[in-house]
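Chain by chain, the residues run as shown.
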Amino acid sequence: SEGRMMRPVVATPESCESGGSRIHVFVRLRPMAKKEKETGSRNCVKIVNRKDVYLTEFASETDYLRLKRLRGRHFCFDAAFSDSTTQQEVYATTTAELVEGVLQGRNGSVFCYGATGAGKTYTMLGTVENPGVMVLAIKDLFSKIRQRSYDGNHLVHLSYLEVYNETVRDLLSPGRPLVLREDKQGIVAAGLTQYRAYSTDEVMSLLQQGNQNRTTEPTRANETSSRSHAILQVVAEFRVIQSGNIVNRVGKLSLIDLAGSERALATDQRSQRSIEGANINRSLLALSSCINALVEGKKHIPYRNSKLTQLLKDSLGGPCNTVMIANISPCNLSFGETQNTLHWADRAKEIKTKGCLMNDEALQVPESATDQAKLLLELQKEN
Ligand code: ADP
Ligand code: MG
């Protein structure tokens, strides 16, 4: 139970152990884009106390004047990051603990979930000036391994792949789709590049290159976002001395930039986009079914339902830590998407409490009228 960063844990250790994975759920709000400001978008999200998220929107201007009514909701998470939160802060709060676990031989996974344009890739990959979770995690791994390796030796291997339309591709060495095989280590993508990294410096450009290889949506000219799930797997191996013996430590960290969670808009059932939509949903759905089954301690975990869950089998099952980062936009035009993302994240949070009675007080924060009124005043000032 140590290691929770933002709030005390009220967990019973037995239920944690029997329950399996503990899912920590975070929300990150991105800043309003210049273009959005210029076109008069309003801010519909407010983050309070580093964990409360208020989603509020006037039903309409006249409705508001007439009825003084807002539509919206209040949510509470392990932590919620406002639009001024640094990459380093996001890394430290969400993922640093998982890196620590990896050094102790426990696998970990971090998922970024949210609509296209909400900030998933910024959070995961970031920019050269502001590197994201992927780069900061590898940097941290290197520096910690160097401190702890008894002989100074270590192996850090990177694999970067995408799942697009239920097809797996190597992002570090693009080519034909990869076949998933089951061997004694579990499910592996046959022929996947295992890139041996020696320092953090080379990682950013490697991953940027990999991201360029991601499949983007061809139907929209200005589309920079991706319809694919990107998975970075970092395997760290080193030796420590434990009770006088030399012990090999291996841990794997999976960092996942999920495809946009918005619904496919296609009306033609046979169009490519609707096929994509169905498959993206299939992977996301399969992911939540697996997490559900794991937390409930079910014998059968339905990994086989999608490529994404097959690939993440050994990161989700077993002694693994799981973190979800829900990315949201502040813009009132994205109200619907934001609401969907927050609902999904909220559900992920509830799943966690079944297996592990943590964070109970977070579920009981009252949604008082005064809170709503205060928020309304603030939003009015800002807009
Ligand atoms: P997604 O991957 O979810 O589709 P992106 O990460 O590409 O979204 O973000 C959309 C745009 O918003 C990009 O131009 C990105 O640089 C910017 N952005 C997202 N999050 C932040 C942030 N926290 N700070 C500054 N810019 C951000
Ligand atoms: Mg993206």
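Preceding this section is the structure that the text describes.
What counts and what doesn't
Residues numbered from 1 in each chain as written. Chains lettered and ligands numbered in written order. Predicted model: local features only at pLDDT ≥ 70, side-chain atom pairs only at ≥ 80, totals over all residues. Buried ≥ 20, exposed ≤ 12 C-beta atoms within 10 Å, placed from the backbone. Helix = DSSP H or I, 4+ residues; strand = E, 2+ residues; numbered from the N terminus. Arc of directions from axis to C-beta. Contact = placed C-beta atoms within 7 Å. Near = placed C-beta within 6 Å. Nonpolar A, V, L, I, M, F, W, Y, C, P; charged D, E, K, R; others polar. Pairing = 2+ DSSP bridges. Axes fitted to C-alpha atoms, helices over the stretch in contact; angles between N-to-C directions. Left-handed = near helix turned anticlockwise from the far one by under 90°. Expected span 1.5 Å × (residues − 1). Core = buried A, V, L, I, M, F, W, Y, C linked by C-beta atoms within 7 Å.

Caption draft 1: Main features of helix α8 (residues 201-212). Residues of α8 that are buried: V203, L207 and G210. The buried residues of α8 occupy an angular sector of 55 degrees when the element is viewed end-on, so they sit on one face. Exposed and facing more than 90 degrees away from the buried side of α8 are D201, S205 and Q212. At its buried positions, α8 is contacted by α7 (133-148), β7 (154-164) and β12 (229-242).

Caption draft 2: Inspection of the site of ligand 1 at higher detail. Taken together, 12 residues sit near ligand 1, with R30, G119, K120, T121 and Y122 positioned nearest. With 3 residues, the top contributor of residues to the shell around ligand 1 is helix α6 (residues 120-124). Each residue belonging to the shell around ligand 1 can be placed in one class, and the counts come to 3 nonpolar, 7 polar and 2 charged.

Caption draft 3: Expanded view of the environment of E182. Turning to its location among the elements, E182 is positioned in strand β9 (residues 180-183). Measuring from C-alpha to C-alpha, the distance between E182 and K144 comes to 32 Å, with 38 residues separating the pair along the chain.

Caption draft 4: Highlighting the pairing of strand β10 (residues 186-189). Alignment of β9 against β10, held across 4 bridges, turns out to be antiparallel. Note that in β10 the partner of L180 across the bridge is A189. Between the end of β9 and the start of β10, which pair antiparallel, lie 2 residues.

Caption draft 5: Up close: the pairing of strand β6 (residues 107-113). Burial runs high along β6: 7 of the 7 residues are buried. The alternating pattern of β6 places N107, S109, F111 and Y113 and G108, V110 and C112 on opposite faces, both of which are buried. Sheet topology note: the β6/strand β14 (residues 320-328) ladder contains 7 bridges and is parallel. From the neighbouring strand, C112 faces β14, where its bridge partner is I325.

Caption draft 6: Just the packing of helix α4 (residues 87-94) against α7, in detail. Where α4 contacts α7, the two axes come as close as 10 Å, and the packing angle between them is 65 degrees. Read as a crossing pair, α4 and α7 show a hand that is right-handed. Packed against α4, whose contacting residues are Q87, Q88, V90, Y91 and T94, the element α7 presents V133, L136 and A137 at the interface.

Caption draft 7: Up close: α7. Along its 16 residues, α7 runs 22 Å from first to last C-alpha, staying within 8% of the 22 Å computed at 1.5 Å per residue. Within the sequence span of α7, burial applies to V133, M134, V135, L136, A137, I138, L141 and I145.

Caption draft 8: Spatial organisation of the nonpolar core. With 83 residues, the main nonpolar core has V27, V53, F77, M134, A137 and M324 as its most contacted residues. Per-element accounting of this core gives the leading share, 8 residues, to α7. Excluding residues within four positions of it along the chain, F77 makes contact with V25, F26, V27, K51, V53, A345 and K349.

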